Amino acid sequence: LLHEVGLGEFLRRLRRGRPRTAPAFDTVAAAPTIGRMLASAGLISAAVVGISSAIIGGAGAYAIASDPSVVAEMRKVLPLVAGTLALHASAVTIEGLLLARRDFGSLNNIYAAVAASLVGLYTLVRRTGAGLAGVWSVYIFFQLSRVMLFGWRAELWRPKILRLLWRPAGAAEAVEA
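What you see is a predicted model; the values in this text were computed from it and never measured.

**Student:** Provide a residue-level description of the overall build of the protein chain, including the pertinent values.
**Tutor:** In terms of helices and strands, the protein chain carries eight helices and zero strands. For the protein chain, the sequential pattern of α-helices and β-strands runs α-α-α-α-α-α-α-α. Partitioning the contacts of the protein chain with sequence separation of at least 6, the portion at a separation of at least 24 is 70%. Summing over all exposed atoms, the protein chain offers an accessible surface of approximately 10200 Å²; the carbon and sulfur share of this is 66%.

**Student:** Quick one: what's the story with the packing of aromatic side chains, residue by residue and with numbers?
**Tutor:** Summed over the entire model, instances satisfying the criterion amount to three aromatic pairs. Centre to centre, the rings of Tyr-111 and Phe-150 are 5.6 Å apart; their planes meet at 70°, and the pair counts as edge-to-face. One end of the pair, Tyr-111, is in helix α6 (residues 104-128); the other, Phe-150, is in helix α7 (residues 131-153), with 39 residues separating them in the sequence. Ring plane angle 80° and centroid distance 6.4 Å describe the contact between Tyr-122 and Tyr-139, whose orientation is recorded as edge-to-face. Linking Tyr-122 in helix α6 with Tyr-139 in helix α7, this pair joins segments that are 17 residues apart in sequence. Note on Tyr-122: relative accessible area 30%, which makes it partly exposed. Residue classification places Tyr-139 among the partly exposed positions, given a relative accessible area of 31%. Linked through ring pairs, Tyr-122, Trp-136 and Tyr-139 together constitute an aromatic cluster.

**Student:** Go over the side chain of Ser-145, please, and point to the residues and values.
**Tutor:** With respect to the element layout, Ser-145 can be found in helix α7. The exposure class assigned to Ser-145 is buried, which follows from its relative accessible area of 10%. Apart from the residues within four sequence positions on either side, Ser-145 is in contact with Val-114 and Phe-150.

**Student:** Can you explain the nonpolar core? Please cite residues and give values.
**Tutor:** Of all hydrophobic cores here, the largest spans 22 residues; its most connected members are Ile-34, Ile-94, Phe-150, Ala-154, Leu-156 and Leu-165. Beyond its immediate sequence surroundings of up to four residues, Phe-150 is in contact with Ala-91, Ile-94, Glu-95, Leu-98, Leu-107, Ile-110, Tyr-111 and Ser-145. Counting six residues, the second largest nonpolar core, distinct from the first, contains Ile-56, Ala-65, Met-74 and Leu-78.

**Student:** Describe a nonpolar patch on the surface, with residues and values.
**Tutor:** A cluster of nonpolar residues, Met-148, Leu-149, Trp-152, Trp-157, Leu-162 and Trp-166, forms a patch on the protein surface that exposes about 650 Å² of accessible area. Among the elements that line the nonpolar patch, the one with the most residues is α7, at three residues. Within the secondary structure, Trp-157 sits in the loop between α7 and α8 (159-165). Take Trp-157: its relative accessible area is 33%, and that puts it in the partly exposed class.

**Student:** Any details on the pattern of salt bridges? Residues and values, ideally.
**Tutor:** For side chains bearing opposite charge, pairing can occur when the charged atoms are close. If you walk through the whole model with that rule in mind, you get four salt bridges. One salt bridge in this structure joins Lys-76 and Glu-73, with 3.3 Å as the shortest N-O distance. Taken together, the residues span about one helical turn, with Lys-76 and Glu-73 both in helix α4 (residues 68-76) at a distance of three residues. The exposure class assigned to Glu-73 is partly exposed, which follows from its relative accessible area of 30%.

Quick notes on the rules
- Residues numbered from 1 in each chain as written.
- Predicted model: local features only at pLDDT ≥ 70, side-chain atom pairs only at ≥ 80, totals over all residues.
- Heavy atoms only, no water.
- Helix = DSSP H or I, 4+ residues; strand = E, 2+ residues; numbered from the N terminus.
- Contact = heavy atoms within 4.5 Å.
- Areas by Shrake-Rupley, 256 points an atom, 1.4 Å probe, with all protein chains shown as cover.
- Phe/Tyr/Trp six-rings, centres within 6.5 Å; stacked < 30°, edge-to-face > 60°.
- Buried < 20%, exposed > 50% of the residue type's maximum accessible area, 1.4 Å probe, protein only.
- Core = buried A, V, L, I, M, F, W, Y, C linked by side-chain atoms within 4.5 Å.
- Patch = residues over 30% accessible without salt bridge, like charges linked within 9 Å, V, L, I, M, F, W, Y side chains within 5 Å.
- Salt bridge = Lys/Arg side-chain N within 4 Å of Asp/Glu carboxyl O.

Rendered as structure tokens:
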């Protein structure tokens with residue numbers, strides 16, 4: 001995605017000679033819908049994490065790997081894997097909001113910054129011998145940084161938007177502008 005978004009934005013700017021602005025998007029009006037989408041993504045994540053944890057934590061782990069030492073290692077990193085899976089749905093949901101806004105420049109910049117930090121973190125994991133737990137810790141950072149930075153760019157962290165995200169359907173109209 002980084003390659004597609006980054007290259008696409010670069011080619012558009014090169015062709016037109018000027019940056020492309022994102023169309024107007026009313027985040028306040030969309031907040032209740034966004035909140036329901038994030039709640040749905042959270043529920044789906046919880047189900048996936050629960051099923052994955054049951055499989056890896058139980059006898060099903062041997063269907064993935066027959067070596068007991070591999071299974072033991074999988075079980076050690078299970079909380080990190082679960083955390084990564086739990087954050088992924090929120091990250092792609094908020095990323096979708098930025099794609100809908102056609103905010104390709106911001107996506108490009110965010111992914112460039114995150115990619116640069118990942119290079120440093122993976123280098124640190126290799127040099128310290130942090131192993132599989134270190135790799136999955138970097139995955140947690142990757143997902144958290146996407147959720148936080150995409151949410152910041154989509155203005156989801158503004159107090160008014162936060163209040164609207166979690167209101168029941170129809171209650172958003174009662175909030176003052």
